[in-house]
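# Descriptive structure summary
The residues making up each chain are set out below.
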Amino acid sequence: TELLPALDDFLGGSSPRKVAVMHTIGSHWWYPAHYTRSQARWTPEVDSRIVSEMSRAQIVNSYDNTILASDSFWKAVIDRLRGSRSIVIFISDHGESLGEDGRWIHSADAPEVRSTACFVWYSPKYASFYPQKVAALRANAHRRVSTDYIFHTVLDAGAITTPVLDRGRSLLAK
């Protein structure tokens, strides 16, 4: 929520074309620092920074509370953009181990750590202005890609013309 006032200032600026990049903390360890008491829906929560001292339920519940907080944040971002020609692209920097084969947090290379969360939201105005891009995005919804697609997708989403754009690695291209 600390980023929202800065986003409001940025959106209120005079430039007609804007690209905002926001780095959020999301669901990184120490989980309780990333959600408010009112967002603590699942209990028991973690009460120690030493993972081995806690139950799986405590860790998973606290992690889930961070997801609820992240959902609330992204809803607030999207609500600010709903009436404009906008697109939001979110990707996590890594996944999280929550006890799979005894692994916790993201300290070991594991399939769940390599599988990152990602979503794309676009406004109705964006969809009407770029119907081909939205159709390609929908067609690519279940395509397995890597994080290097995000750079090209962001350029394509903003209609940024540059020789470094590889439309073959944009999720907005068929």
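Residues numbered from 1 in each chain as written. Predicted model: local features only at pLDDT ≥ 70, side-chain atom pairs only at ≥ 80, totals over all residues. Heavy atoms only, no water.

Looking now at a nonpolar patch on the surface. Where nonpolar side chains cluster on the molecular surface, the patch consists of Val19, Val21 and Val154 and spans about 280 Å² of accessible area. By the element assignment, Val154 lies in helix α6 (residues 148–157). (Patch = residues over 30% accessible without salt bridge, like charges linked within 9 Å, V, L, I, M, F, W, Y side chains within 5 Å. Areas by Shrake-Rupley, 256 points an atom, 1.4 Å probe, with all protein chains shown as cover. Salt bridge = Lys/Arg side-chain N within 4 Å of Asp/Glu carboxyl O. Helix = DSSP H or I, 4+ residues; strand = E, 2+ residues; numbered from the N terminus.)

What follows covers the packing of aromatic side chains. Counted under the stated rule, the structure contains nine aromatic pairs. Look at Phe90 and Phe119: their rings are 5.4 Å apart centre to centre, the planes differ by 20°, and that puts the pair in the stacked class. In this pair, Phe90 sits in strand β1 (residues 87–91) while Phe119 sits in strand β4 (residues 118–122), placing the two residues 29 residues apart along the sequence. The class for Phe90 is buried, based on a relative accessible area of 18%. Exposure remark for Phe119: the relative accessible area of 29% places this residue in the partly exposed category. A network of ring pairs unites the aromatic residues Trp29, Trp30, Tyr31 and Tyr63 as a single cluster. For the cation-ring pair, Arg85 lies above Phe129, with the distance from its terminal atom to the ring centre recorded as 3.7 Å. The ring of Tyr130 carries the charged tip of Lys133 above its face, separated from the ring centre by 5.3 Å. (Phe/Tyr/Trp six-rings, centres within 6.5 Å; stacked < 30°, edge-to-face > 60°. Buried < 20%, exposed > 50% of the residue type's maximum accessible area, 1.4 Å probe, protein only. Lys NZ or Arg CZ within 6 Å of the ring centre and 35° of its normal.)

Turning our attention to the pattern of salt bridges. Side chains carrying opposite charge are able to pair once their charged atoms draw close together. Applying the stated criterion across every chain yields a total of eleven salt bridges. With a closest N to O distance of 2.6 Å, Asp79 and Lys75 form a salt bridge. Here the residue Asp79 and the residue Lys75 both occupy positions in helix α2 (residues 56–81), the gap between them amounting to four residues, near one helical turn. Arg169 is paired through a salt bridge with Asp166; the nearest N and O atoms lie 3.8 Å apart. On the basis of relative accessibility, which here comes to 29%, the residue Arg169 falls in the partly exposed class. One network of salt bridges, in which partners are shared, links Lys75, Asp79 and Arg82.

To continue, consider the nonpolar core. Residues Trp30, Tyr31, Tyr35, Ala40, Val46, Met54, Ile59, Val60, Tyr63, Ala69, Leu98 and Ile105 constitute the largest nonpolar core, which totals twelve residues. Broken down by element, the residue count for this core peaks at four residues, all from α2. Apart from the residues within four sequence positions on either side, Tyr63 is in contact with Ser27, Tyr31, Glu96 and Leu98. By size, the runner-up hydrophobic cluster in this structure holds eleven residues, among which are Leu7, Trp74, Val88 and Trp121. (Core = buried A, V, L, I, M, F, W, Y, C linked by side-chain atoms within 4.5 Å. Contact = heavy atoms within 4.5 Å.)

Right, let's talk about the pairing of β1 for a bit. Where burial is concerned, the two faces of β1 differ: the one with Val88 and Phe90 is buried and the one with Ile87, Ile89 and Ile91 is not. The sheet contact formed by β1 and β4 spans five bridges and is antiparallel. Paired with Ile91 across the two strands is Cys118, which belongs to β4. (Pairing = 2+ DSSP bridges.)

All quantities given are derived from atomic positions and should not be read as evidence of function.
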